[in-house]
Amino acid sequence: MIWNSKDEVLGPGETRTRQRQRRQIFYIGVAALFGGVIGFSTGFFDEGTGSLFSGDWENIKLPPALALGLVVLLLGGFLVLPLWGFRMIDDYKREHNFIGFTGGCVSVLAGYPIWAVLYAGGFAPPPHAFGIFGIAYVSMILAFLYARWRL
Amino acid sequence: MKNRLKVLRAERDWSQAELAGRLDVSRQAVNAIETGKHDPSLPLAFRIARLFDMRIEEIFDNGDPA
């Protein structure tokens, strides 16, 4: 419960903590909204037969105006929001984020050549950009969750 | 690193959220420092010391002999 009842007396520290929690909820809400709009738009208005997951880029097609709108949302979701969030968090949570980013980065550094070698050996389809993005994103989240669990 | 944060907080009858707000950090950070899972940065250690009107080494002990 974040909001206090009317007769509850809060110290100055409690008040600031609750403000911080409200900002976090707002941040998560905006991020979820951006993600939802991006996911829904790309799924619902997709005019092509391609798939990001299979690396079939030539057959991916979106209305140009929607594509530009999604660029704005993606810049907001992957650049502005994280940078704003980074300013809000303290040292402790920043450490979690650093571990998360490190996990994402080293996974790409290791994952791309491993994928390429597996492709060369006939074990996997050729590496593609969205797959690399997926490796970075998923491993970043896993590393972040590990840091939250352990630290 | 050992510290007396929990004791000092209890002496003032502050919750973790109250202390966190006064230090401008998250409640989770206070909990992590109290349980020894996280060592605060130097600026935060100074803020903690100022808040309790003590020296840093009176609050934190890294185990080294004086």
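Residues numbered from 1 in each chain as written. Chains lettered and ligands numbered in written order. Predicted model: local features only at pLDDT ≥ 70, side-chain atom pairs only at ≥ 80, totals over all residues.

*Asks:* Is there a simple way to explain the overall build of chain A in this structure?
*Replies:* Looking only at helices and strands, one finds four helices and zero strands in chain A. Element order for chain A, N to C, with α for helix and β for strand: α-α-α-α. In terms of C-alpha radius of gyration, chain A reaches 20 Å, well past the compact-globule figure of 15 Å for 151 residues. The dimensions of chain A, computed from C-alpha atoms along their principal axes, are 65 × 40 × 20 Å. Each of the 151 residues in chain A was classed as buried or not, and the buried ones make up 11%. When contacts within chain A are restricted to residue pairs at least 6 apart in sequence, long-range pairs at least 24 apart make up 62% of them. (Helix = DSSP H or I, 4+ residues; strand = E, 2+ residues; numbered from the N terminus. Rg over C-alpha atoms; globule rule 2.2 N^0.38 Å. Buried ≥ 20, exposed ≤ 12 C-beta atoms within 10 Å, placed from the backbone. Contact = placed C-beta atoms within 7 Å.)

*Asks:* Which parts of the structure should I look at to understand the confidence of the model for chain B?
*Replies:* Low pLDDT means the predicted atomic positions in that stretch should not be read closely. Summing up the model confidence of chain B, the mean pLDDT is 93 and the portion of residues at 70 or higher is 97%. Predicted as a complex, the structure gets a pTM of 0.80 and an ipTM equal to 0.84. (pLDDT = per-residue confidence, 0-100.)

*Asks:* Looking at this model, I keep getting lost on the packing of helix α1 (residues 12-44) of chain A against helix α2 (residues 16-23) of chain B. Mind explaining?
*Replies:* Relative orientation and spacing of two packed helices are given, respectively, by the angle between their axes and the distance between those axes. It is at 6 Å that the axes of α1 of chain A and α2 of chain B come closest, and there the two elements cross at 80°. Relative to α2 of chain B, the element α1 of chain A lies roughly perpendicular. On α2 of chain B, the residues that touch P12, G13, E14, T15, R16 and T17 of chain A of α1 of chain A are A17, E18, L19, A20, G21 and R22 of chain B. For the contact of α1 of chain A with α2 of chain B, the class distribution of residues is four nonpolar, four polar and four charged. (Axes fitted to C-alpha atoms, helices over the stretch in contact; angles between N-to-C directions. Parallel < 35°, antiparallel > 145°, perpendicular 65-115°, else oblique. Nonpolar A, V, L, I, M, F, W, Y, C, P; charged D, E, K, R; others polar.)

*Asks:* Whenever I open this one, the packing of α2 of chain B against helix α3 (residues 27-34) of chain B confuses me. Can you help?
*Replies:* Residue and element names in this part refer to chain B. The N-to-C vectors of α2 and α3 enclose an angle of 105°; their axes lie 8 Å apart at closest approach. Judged by the angle between their axes, α2 and α3 are roughly perpendicular. In contact with Q16, A17, L19 and A20 of α2, α3 contributes R27, A29, V30 and N31. Residues belonging to the contact of α2 with α3 are distributed by class as follows: five nonpolar, two polar and one charged.

*Asks:* What exactly am I supposed to notice about the domain arrangement of chain A here?
*Replies:* Residues and elements named next belong to chain A. Domains assigned within chain A are domain 1 (1-88) and domain 2 (90-151). Placing the centre of domain 1 and that of domain 2 at their C-alpha centroids yields a distance of 21 Å. The interface of domain 1 with domain 2 comprises four residues on the first partner and four residues on the second. When the residues that make up the side of domain 1 that touches domain 2 are grouped by side-chain class, the tally is three nonpolar, one polar and no charged. (Domains from an automatic or database assignment.)

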